[in-house]
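# Coordinate inspection notes
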Amino acid sequence: MKSAFLALFLIISLFVNGQNLYIKTYGNEKNKPIIFIHGGPSGNSTLFEGTTAQKLADSGFYVITYDRRGEGRSADPDAKFTYAEAFQDLNTIYKKYNLKKAVLLAHSFGGLVATLYTEKYPQNVSALVLAGALFSQQETYNHILDSVRKIYTKKNDLVMLDKVTLIENLNKNSAAYRKECFELAGENNFFKIPNPTEESKKLYADYDSGIFYKTNIRNKNAPLLFYQNETQNNIDTRSALKKIKSKGVSIYAIYGKEDGIFSNDQINSIKILAGQTHFALLDNCSHYLFADQQKQFLAYMKKWLH
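Given the structure is predicted, the values throughout are model-derived calculations rather than measurements.

### Description of the packing of helix α6 (residues 158-168) against helix α7 (residues 175-187)
Between α6 and α7, the shortest axis-to-axis distance is 10 Å and the interhelical angle comes to 150°. When the axis of α6 is compared with that of α7, the two are roughly antiparallel. Classified by chirality, the crossing of α7 by α6 is left-handed. Together, M160, K163, V164 and I167 of α6 and Y177, E180, C181, L184 and E187 of α7 make up the contact between the two elements. Residue classes in the contact of α6 with α7 are distributed as 6 nonpolar, no polar and 3 charged.

### Describing the pattern of salt bridges
In this structure the tally under the stated criterion is 15 salt bridges. The partner of K179 in a salt bridge is E183, and the shortest N-O contact between them spans 2.9 Å. Here K179 pairs with E183, and both are found in helix α7, just 4 residues apart, close to one helical turn. We classify K179 as partly exposed; its relative accessible area is 42%. Where K202 meets D206, a salt bridge forms, and the shortest distance between an N and an O atom there is 2.7 Å. You can see K202 and its partner D206 sitting in helix α8 (residues 198-208), 4 residues apart, about one turn around the helix. On the basis of relative accessible area, K202 is assigned to the exposed category, the value being 53%.

The rules behind each value
- Residues numbered from 1 in each chain as written.
- Predicted model: local features only at pLDDT ≥ 70, side-chain atom pairs only at ≥ 80, totals over all residues.
- Heavy atoms only, no water.
- Axes fitted to C-alpha atoms, helices over the stretch in contact; angles between N-to-C directions.
- Helix = DSSP H or I, 4+ residues; strand = E, 2+ residues; numbered from the N terminus.
- Parallel < 35°, antiparallel > 145°, perpendicular 65-115°, else oblique.
- Left-handed = near helix turned anticlockwise from the far one by under 90°.
- Contact = heavy atoms within 4.5 Å.
- Nonpolar A, V, L, I, M, F, W, Y, C, P; charged D, E, K, R; others polar.
- Salt bridge = Lys/Arg side-chain N within 4 Å of Asp/Glu carboxyl O.
- Buried < 20%, exposed > 50% of the residue type's maximum accessible area, 1.4 Å probe, protein only.

See the structure below:
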């Protein structure tokens, strides 16, 4: 029991371009590898690790989690926060663990990273799983602003309606625009399910009181540097996904029905792209679907990937 506890919290660091890359593995290395790619920029893998990584490994997978360079626990003052840099980190993981192919399990902004990586290195990816993942950024921003405008109109909140108008007039390829859109989404609980289950409440409570929450590091400069250094900062990856699919890489998509940052049209488009048998829409579930509806999430991973 003691050794299992120690193994659970074993941190493997790689020396990448002079900096430490936080990586942690779960499960038997002989099992099918899954690399979890977290959201951001400025995100980390702590919530997935603290709630789901070990349980996914217990389902018969070798789960690899990491924080991208300069984000979370992978401190790097020289990080550029570009997609190319993210690809370098992924390739380092492949090399370190002698992976020929792996499943990429991508959440939120991680969906953009994983899609662009798979487009460039399809030979490295056995399957791409979009889990509450971004794929059409401007449509997401438009949906958030349209949705909150309706909410504030109903409340006759003139101050917030003026704020929405100001945000709509910002440069749509700027960190400020992205930040303001997602802050409005957060303020209106777009990332939370309205009726959390007892299971999900316990998962979040255990996370909040555990070691992973204590290391929930957020680099506030990451989005600013991403928009400064990366030209592909407001993109639609559906053409890339179609290209990936044509090359024989399996694409799966799993989303929460109550995830407030995606419109019905967006969800329908990704359902068509992935295909009926490769798509799931979970009831009473929002953005962090692996914690909101963990049993269903794990059941789909086993069904699709084994």
